[in-house]
Amino acid sequence: MSKHDEILEYIYSLPEGAKISVRQISAHLEVSDGTSYRAIKDAEKEGLVKTIERVGTIRVAPKEQYIEGNLSFEQVNRVIEGKVLAGTRGLEREISKFIIGAMRTDALESYLEEGALLIVGNREDAQWRALESHSGILITGGFGADAEILKRAEALSLPVISTTADTFSVASLIQRELYSVLMMTNVITASDLVIRQDEYVYDVFTDRNKEYFPADQMTILTEAGKFRGIIQSSELHKLGQKDAHTRISDIVASTSSTLQSLRQLMSWHQLNILPVMDEERTLIGIVHRRDVFRQREPRKLGGGINAENLIDREIRIEDNRIHLRVMPFMTDEYGSIAQSELMRLIERLTEVVLRSHDIYSYHIDTLNFMNIKLVQLYQELVIEGNILDLGDQFLRLEVEARSNDGIYSKATLLIQHYKEK
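Description of the structure in this document. Please read these numbers as outputs of a predicted model, since none were measured by experiment.

On to the overall build of the protein, then. For the protein, the count of helices and strands is 12 helices and 22 strands. Burial statistics for the protein: of 421 residues in total, 44% are counted as buried. When contacts within the protein are restricted to residue pairs at least 6 apart in sequence, long-range pairs at least 24 apart make up 52% of them.

Printed below as a string of structure tokens:
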């Protein structure tokens, strides 16, 4: 074991909060001050120690020894903008676990496993231990790796990646990417809702001599499975007539169309069904209004609570009003209510007001918002919504956020709605 690794092992053995210094380490391990200084700096990059003004350098314990989630080695390398030193053949493999090497080498045994990624600094002993467990290696602090380690990693197709970032920054970047991937898997798209129902589809090539009974006011036209468009069901009989001018629209969704975009399309065009096709314009199926506008289970946060339930604990709904006290989780770093939380409350109030008018299928087309005063932490607030104008397809909603000393915010919403037939 080198002197550098010996110093790092000594730092790992110290309890959290223990003070360390170059002079103390040099005297205890009988090494030069320069060697101690470099080792302490590497330990700082790995998140093992922290220098606090007027306190000194102390041993800190990381909050997590490993990160849960699934990414490939290639994804991680892209996110951290690293350099692959060896094992390029294994980049496409999925990582089973991310291990932060902020512990003694012998303690790594209980964490390392095949397919894991060890995030560590310039510690050859830990790097060898990772390869023995068939784990990949991410070296922080801009360090390289010993030629023998790279040769062994290449033979095992285990990626060895180097980055100039420190361990804390790397862990934060990986956590952010994992969160983004998780959010994407929670997004509902047309591919989750698509169904195949032939009663909505008329093939102009094969169904011309068949008796067809439309299941909706609109019919989807295909030709040998390829999407051609949407037509009013009442216009179907004109398809084969000469000089007949039948209007065929091209309103369609792809499998990646999000739930919100589906709601917008169906509300805007007043549709019960919407065709879904692939990149080659082959009809995959349809999405139905009842599925698109069905009430969804709110997205859950990390602790198992969903954002809506968190807000529900702090609000009281009364007719077309929401009463609340602004809590810390609703505010930004300046202590004022965050715009995202205020928008969430306006959307919640919109749902309450529209349901009182038996409107369940709707889309917010336009929202104009104006802040008059800043809403502060722990301030009592009443948000009230009133429909100013209600038409067959559109309505105009006015929302005011008030406190004891007057109006704080105003919003006007133009909403397209669809009353179920």
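Here the narrative resumes, following the displayed structure.
Below, the discussion takes up the packing of aromatic side chains. A ring pair, where both rings are aromatic, is described by two values, the distance of the centres and the angle of the planes. This model, assessed by the stated rule, comprises one aromatic pair. Ring geometry for Trp-268 against Phe-394: centres 6.1 Å apart, planes inclined by 80°, an arrangement best described as edge-to-face. Of this pair, Trp-268 sits in helix α9 (residues 259-268) while Phe-394 sits in strand β21 (residues 394-403), and the two are 126 residues apart along the sequence. The exposure class of Trp-268 is partly exposed, given its relative accessible area of 46%.

Strand order across the open sheet formed by three strands is β14-β15-β16, with mixed pairing between neighbours. Unpaired on one side and paired on the other, β14 (253-254) and β16 (283-288) mark the two borders of the sheet. Judged from the two bridges that link them, β14 and strand β15 (residues 273-277) form a sheet pairing that is parallel. Its bridge partner being in β15, Ser-254 is matched across the sheet by Met-277. This element, α9, spans β14, β15 and β16 of the sheet and lies at about 130° to β15.

So, about the pattern of salt bridges. Enumeration according to the criterion identifies 11 salt bridges in this entry. Residues Glu-318 and Arg-316 are paired through a salt bridge, measuring 3.2 Å at the closest nitrogen-oxygen approach. According to the relative accessible area criterion, Arg-316 is partly exposed, its value standing at 45%. Of the charged contacts, one joins Arg-402 and Glu-400 as a salt bridge, the two residues approaching to 3.5 Å between their closest N and O atoms. Judged by its relative accessible area of 16%, Glu-400 falls in the buried class.

Cut-offs used in this document
Residues numbered from 1 in each chain as written. Predicted model: local features only at pLDDT ≥ 70, side-chain atom pairs only at ≥ 80, totals over all residues. Heavy atoms only, no water. Helix = DSSP H or I, 4+ residues; strand = E, 2+ residues; numbered from the N terminus. Buried < 20%, exposed > 50% of the residue type's maximum accessible area, 1.4 Å probe, protein only. Contact = heavy atoms within 4.5 Å. Phe/Tyr/Trp six-rings, centres within 6.5 Å; stacked < 30°, edge-to-face > 60°. Pairing = 2+ DSSP bridges. Axes fitted to C-alpha atoms, helices over the stretch in contact; angles between N-to-C directions. Salt bridge = Lys/Arg side-chain N within 4 Å of Asp/Glu carboxyl O.

These figures capture arrangement, not role.
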